[in-house]
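Letter by letter, the chains look like this.
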Amino acid sequence: MDASDLAVVARVRAGDHDAFRHLVERHSRSVFRLAYRLTGREEDADDIVQETFLKAFRQLARFESRSSFATWLYRITVNCSHDLMRQRPRAGTRTSLDDPEHGASIQIADESAGADPMRELARRQIDERVRAAMSELSAQERSAFVMRHYEGLSIEEIGRVLDLRTSAAKHSIFRAVKKLRRSLEPVAGLES
Amino acid sequence: MTHLTEDDCVLHYYGEAGDMKSADAHLAECESCRRTFEELSKALRAVTGADAPERSESYGAEVWARIQPRLDAPETQPWPRRLAGLFTWPRLATAGALATLLMAAFVAGRHWAPPAAPPVPVRAAATPAPTAVRERILLIAVGEHLDRSQMVLAELSNLDTAGPVDISAERDWARDLVASNRLYRQTAARDGKTAVAGVLDELERVLVDIANGPATASPADLERLRDRLETQGLAFRVKVLGSQIKNDASRPLAAPAPSTL
């Protein structure tokens, strides 16, 4: 475990609530990134960041130093994201070209694409398929895949975050990869 | 070394294969495995998606400013969680006992109470009837229950494996769902919602089998489950029922439309 995290946790537990600020400042951006990858919506991710740190603060007594503080925080983030997705089933990560947020990201991509519009078009089609496929994954598969593929957590760490055995975490990733590959088949070769 | 499966290639891609050196050596000499690995790598490299929006260096301080005043406030749970809290077993058991007592008191009153004075007309209340509120709460809870059940069935039907696979997580999930399913089924049957009760009855049989089954499933077990779900059309019916229930639950209470179920 990160020694400085442990030291801050000890200070907060001893009653120095303001010390919690260090943990918030250190981990906010990675929590935001994970929440965004899981929900696909910026405003949801911001809400989840706040909810995650509030929960972490209130449950700090339950934190055991067996895993790192970051892993524990990720677990809370994943749970908050699942709660939010359950309230909005099948609408969470699904975005469309009409989505203003998504439109904005395309606009930025257009400006940077420069001289190769066909390549940019192919990129868009692939991204759209990835987004659609991600929204079809189960919550567990999506969480496991996002943490392995985007966040670079090891399968063992993912198991700890999701409270799964390593084999179950592994199989969630396998299933996610299979589904993503299936949905990318029609556009295979577009970017080559 | 034997040929690499697609799953082996996934582990290798992420640098999590048990023996990376052997895998590398095999890929160097086996064209078929190399092609499989290259195709997989290409697909995974394509999965980049839009970058997560950047948050500035001051983001942590902004988050702190927003949460700091709330740190010492008592925790308030979101309403679905509070609602879910209403459906814990002890509460439901107490509610059931109270309902039985009320029913007994009502029946007793009908049979043994002395004749009452002529009834005085009472103006209908403007607020929704308690029955309507109760039905609404039940609809929301059943809708959420069906969502969760659908996820378990989808997880299991989408498992694609060459050998035995660990389904202990799904089994635990099914165990949790069996208890609530039974309660909702009984309530639906009592309220005369035969279509809902019928689907919940079939769902319960599948959930019970999963809950009482082994922690690992063979490809043949999974195939049998898929066949069963497809033959009965259960996954589809659970999905349709879930959508109908959500529509019913979203209608305003003041002007309730007749239930489609």
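This text follows the structure it describes.
A. Structural view of the overall build of chain B. Looking only at helices and strands, chain B has 11 helices and two strands in total. The order of α-helices and β-strands along chain B, N terminus first, is α-α-α-α-α-α-α-β-α-α-β-α-α. A separation of at least 24 residues holds for 73% of the contacts in chain B among residues at least 6 apart in sequence.

B. Representation of the interface of chain B and chain A within the structure. On the side of chain A, 46 residues touch chain B, which itself brings 35 residues to the contact. Of all the secondary structure elements, the ones that give two or more residues to the side of chain B that touches chain A are α1 (6-13), α3 (31-46), α4 (59-67), α7 (130-157), β1 (165-166) and α8 (168-190) of chain B. Counting residues per element, the side of chain B that touches chain A draws most heavily on α4 of chain B, at seven residues. Split by residue class, the side of chain B that touches chain A holds 20 nonpolar, four polar and 11 charged.

C. A look at the environment of S67 of chain A. Residues and elements named next belong to chain A. As for its placement among the helices and strands, S67 is situated in the loop between α3 (42-58) and α4 (69-87). Residue class for S67 comes out partly exposed when judged on the 16 C-beta atoms lying within 10 Å of it. Along the backbone, S67 and E157 are 90 residues apart, and their C-alpha atoms lie at a distance of 8.8 Å. Ignoring anything within four residues of it in the chain, the contact list for S67 reads W72 and R160.

D. Broad picture of α4 of chain B. Looking at α4 of chain B, one finds that the buried residues are G60, V63, W64 and I67 of chain B. Here the buried residues of α4 of chain B occupy an arc of 100 degrees about the axis, which is enough to place them on one side. Each element contacted by the buried residues of α4 of chain B is listed here: α2 (20-39) and α3 of chain A.

E. Structural view of the environment of H3 of chain B. Residues and elements named next belong to chain B. Mapped onto the elements of the fold, H3 is located in the segment before α1. For H3, a count of 10 C-beta atoms within 10 Å puts it in the exposed group. Taking the C-alpha atoms as reference points, H3 and S32, separated by 29 residues in sequence, lie 8.6 Å from one another. Beyond its immediate stretch of four places on either side in the chain, H3 contacts C30, S32 and C33.

F. Geometry of the packing of α3 of chain A against α4 of chain A. Residues and elements named next belong to chain A. With their axes 9 Å apart at the nearest point, α3 and α4 run at an angle of 130 degrees to one another. The angle between α3 and α4 falls in the class oblique. For the element pair α3 and α4, the recorded crossing hand is right-handed. Judged by residue contacts, D44, I48, E51, T52, K55 and A56 of α3 engage L73, I76, T77, C80, S81 and L84 from α4.

Conventions we followed
Residues numbered from 1 in each chain as written. Chains lettered and ligands numbered in written order. Predicted model: local features only at pLDDT ≥ 70, side-chain atom pairs only at ≥ 80, totals over all residues. Helix = DSSP H or I, 4+ residues; strand = E, 2+ residues; numbered from the N terminus. Contact = placed C-beta atoms within 7 Å. Nonpolar A, V, L, I, M, F, W, Y, C, P; charged D, E, K, R; others polar. Buried ≥ 20, exposed ≤ 12 C-beta atoms within 10 Å, placed from the backbone. Arc of directions from axis to C-beta. Axes fitted to C-alpha atoms, helices over the stretch in contact; angles between N-to-C directions. Parallel < 35°, antiparallel > 145°, perpendicular 65-115°, else oblique. Left-handed = near helix turned anticlockwise from the far one by under 90°.

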